[in-house]
Each structure stands twice: as structure tokens, then as C-alpha cells.
Amino acid sequence: MTKAVFCIAQNLEQTEIIVNNLKTAGFSINDISVLFPDKSTTKDFAHEKHTKAPEGAAIGGTVGLGTGAVLGLLAGIGALAIPGVGPLIAAGPIMGALSGAAVGAATGGLAGALIGLGIPEYEAKRYEGKIKGGSALISVHTDSSEERDKVKEIFKNAHAEDISSTGEASV
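Anyway, here's the lowdown on the structure attached to this text. Since the structure is predicted, the reported quantities are computational estimates derived from the model, not experimental observations. (Residues numbered from 1 in each chain as written. Predicted model: local features only at pLDDT ≥ 70, side-chain atom pairs only at ≥ 80, totals over all residues. Heavy atoms only, no water.)

## Digging into the packing of aromatic side chains
In step 1: The final tally for this structure, using the stated rule, is one aromatic pair.
In step 2: Centre to centre, the rings of F6 and Y127 are 6.2 Å apart; their planes meet at 40°, and the pair counts as tilted. Of this pair, F6 sits in strand β1 (residues 3–9) while Y127 sits in helix α6 (residues 121–132), and the two are 121 residues apart along the sequence.
In step 3: Among the residues examined, Y127 registers a relative accessible area of 0% and is labelled buried. (Phe/Tyr/Trp six-rings, centres within 6.5 Å; stacked < 30°, edge-to-face > 60°. Helix = DSSP H or I, 4+ residues; strand = E, 2+ residues; numbered from the N terminus. Buried < 20%, exposed > 50% of the residue type's maximum accessible area, 1.4 Å probe, protein only.)

This is the structure in C-alpha cells:
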């Protein structure tokens, strides 16, 4: 059964370190997700949302070349807005899941969307508060307990917060 391991990174520099460490450890960019608040103006993303390259370039200009380059390598990067939270930047499998979930999450906000991804409600509410406060949510999809342990170790070594693991919701 595929599970996801989640953590909170306090800032984009820490997010970049964690994503680099995950890639170095052999995790696929298709299994790594990052979600963080879009502190830039949303007009930066309003015109080109059809390919990853323009958003990667826009994010690079917004949050610094290094971080933009790392996050630009992840699959499905883009901007989205969730009511009650505001503009977010998401990359990886979480982007597609939240894009679909966000449409139905008008009353539940980000926590409702995260619960829909299989995150327990108490964790989802805590993650929503941290993301609103400027932190990033990182998740890695894994198939084995050995991989989950490896991800948790990477998160711990980078001093990430709120590390947890959950089975993913099946449709």
C-alpha cells in the first residue's frame, strides 16, 4: 500500500535542503510534493499556467534562483488558491490532488483538502495553520516501510517539524 510521509519545513531554504536530500537518496521527483504560501503577487502566475517552465521561472524569480530551480524540477508545479488560505504554490502529486480538491473545499479550506488526501483531521488543521504562517508542507509517497523510515530520517536530520505518515485515501 502506498503511504505518504509528511513534514513541515519552516522556510524555503529548509525546503530546498530537504528536497535535495530526498533526490540524493534516490526518491523520484514524481513522488515528492511541496506546498507553500505564494508570498508574491498572484499576477506573476496569472498569465502562463500551461507548462511547468514558465511557473518554474516565475517561482525562481520570486523565491530565489536556487529554490526555484529545485522546485522547478518537481512534477506539476503551479499556483492555486484555496478559500480562507489564499494563494499557494504546489509541486508534485499534491498539486493535482489539491487542484481537484480545492474546487470542493470552499467550506473546508486547506484542512478539508488535506483531509481528502488522507491526512488525519488533527494533523491537517495543524498543517493548515503552519502553511498560513509561511511554512511549507513536504510529502513523499512511498511503497515500503524502509522507504518511509528513510524519508523520516531525512526529515529529522533537516530539523523538520510535525513529521507523520499516513495511508493515502483510495478513490
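Once you've had a look at it, read on.
## A word on the packing of helix α5 (residues 109–116) against α6
In step 1: Contact geometry of α5 with α6 gives a least axis separation of 8 Å together with a crossing angle of 135°. Classified by the angle between their axes, α5 and α6 sit oblique to one another. The chirality of how α5 crosses α6 is right-handed. Note on element contacts: α6 touches α5 through E121, A124, K125, Y127, E128 and I131, opposite G109, L110, A111, L114 and I115.
In step 2: Per-class residue counts for the contact of α5 with α6 are seven nonpolar, one polar and three charged. (Axes fitted to C-alpha atoms, helices over the stretch in contact; angles between N-to-C directions. Parallel < 35°, antiparallel > 145°, perpendicular 65-115°, else oblique. Left-handed = near helix turned anticlockwise from the far one by under 90°. Contact = heavy atoms within 4.5 Å. Nonpolar A, V, L, I, M, F, W, Y, C, P; charged D, E, K, R; others polar.)

## Looking at unusual backbone geometry
Apart from glycine, the bulk of residues carry a negative phi angle, and the bulk of peptide bonds sit in the trans form.
In step 1: Positioned with a positive phi, H159 is a non-glycine residue whose angle comes to about 65°.
In step 2: Here H159 lies in the loop between α7 (145–157) and β6 (161–167).
In step 3: Located in the positive-phi region is D162, a residue other than glycine, with phi close to 50°.
In step 4: Note on D162: relative accessible area 19%, which makes it buried.

Nothing here speaks to function; it is geometry throughout.
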